[in-house]
Amino acid sequence: VDASSTWLLDLLGDVEPRRATEADTRACREAKFTEIRKELESIITKTGVKETITKALASLQRLPAERRPKNPFIFMQRALHGPLSIDVDALRRKCAEQIMQLNEKNRQIHLLKKEIRRVEQEIKEAEDDSDDPGL
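Residues numbered from 1 in each chain as written. Predicted model: local features only at pLDDT ≥ 70, side-chain atom pairs only at ≥ 80, totals over all residues. Heavy atoms only, no water.

Considerations on the overall build of the protein chain
Helix and strand content of the protein chain: five helices and zero strands. Secondary structure elements of the protein chain occur, N-terminal to C-terminal, as α-α-α-α-α. In the protein chain, which comprises 135 residues, the share counted as buried stands at 4%. (Helix = DSSP H or I, 4+ residues; strand = E, 2+ residues; numbered from the N terminus. Buried < 20%, exposed > 50% of the residue type's maximum accessible area, 1.4 Å probe, protein only.)

Shown next as structure tokens:
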């Protein structure tokens, strides 16, 4: 440490390091939340999600009271072209079926690789035999 920076070390020597307070932690959390919220708003706007949902809500509001659905969520699902119900069991069966197909394909790949290694070994042995001057 040279003499020109000694005064700074003397000045900082009396200062205790500051610990993060609860207010600092809260402010940091709020800043992160604000950053994430802005990013989500940007994505929602760019992809047209906000406009689509706004149109669906507006069409729900324009319906006469007697024609409004009892369950507005179903109306929104239809307006957003979403599935009205999801058959979880069917999805599980399909997933299990695809896993079995994948396992079968992996087994076939393993057998084919084994066959390739066997054929390559035979070729190598045949080449070695043809190079052997004893024949």
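On we go.
Topic: the confidence of the model for the protein chain
As a general rule, the predicted coordinates of low-pLDDT regions are not to be interpreted in detail. Averaged over every residue, the pLDDT of the protein chain is 83; residues scoring 70 or more account for 81%. Here helix H1 (residues 6–13) stands out as the element of the protein chain with the lowest mean pLDDT, 60, in contrast to helix H5 (residues 88–131), whose mean of 93 is the highest. (pLDDT = per-residue confidence, 0-100.)

Examining the packing of helix H3 (residues 49–62) against helix H4 (residues 72–79)
Closest axis-to-axis distance for the H3/H4 pair is 10 Å, and the angle between their directions is 130°. Considering their axes alone, H3 and H4 lie oblique with respect to each other. In the crossing of H3 with H4, the sense of the turn from one axis to the other is right-handed. Across the interface between the two elements, Ile53, Ala56, Leu57, Ser59 and Leu60 from H3 touch Pro72, Phe75, Met76 and Ala79 from H4. (Axes fitted to C-alpha atoms, helices over the stretch in contact; angles between N-to-C directions. Parallel < 35°, antiparallel > 145°, perpendicular 65-115°, else oblique. Left-handed = near helix turned anticlockwise from the far one by under 90°. Contact = heavy atoms within 4.5 Å.)

What to know about the pattern of salt bridges
Evaluation of the coordinates by the stated rule reveals seven salt bridges. A salt bridge links Glu115 to Arg118; the shortest N-O distance between them is 2.4 Å. Taken together, the residues span about one helical turn, with Glu115 and Arg118 both in helix H5 at a distance of three residues. On the accessibility criterion, Glu115 (35% relative accessible area) is partly exposed. (Salt bridge = Lys/Arg side-chain N within 4 Å of Asp/Glu carboxyl O.)

Some thoughts on H4
Two or three places before Phe73, at the start of H4, stands the capping residue Asn71, its side-chain oxygen 3.0 Å from that residue's backbone nitrogen. His81 occupies a position one or two residues after H4 and carries a positive phi of about 60°. (Polar contact = N/O pair within 3.5 Å; in protein donor to acceptor, adjacent residues only side chain to side chain.)

Remarks on a nonpolar patch on the surface
Where nonpolar side chains cluster on the molecular surface, the patch consists of Ile36, Leu40, Ile43, Ile44, Val49, Ile53, Leu57 and Leu80 and spans about 630 Å² of accessible area. Ranked by the residues each element gives to the nonpolar patch, the list is headed by helix H2 (residues 22–47), at four residues. For Leu40, the position within the fold is in helix H2. (Patch = residues over 30% accessible without salt bridge, like charges linked within 9 Å, V, L, I, M, F, W, Y side chains within 5 Å. Areas by Shrake-Rupley, 256 points an atom, 1.4 Å probe, with all protein chains shown as cover.)

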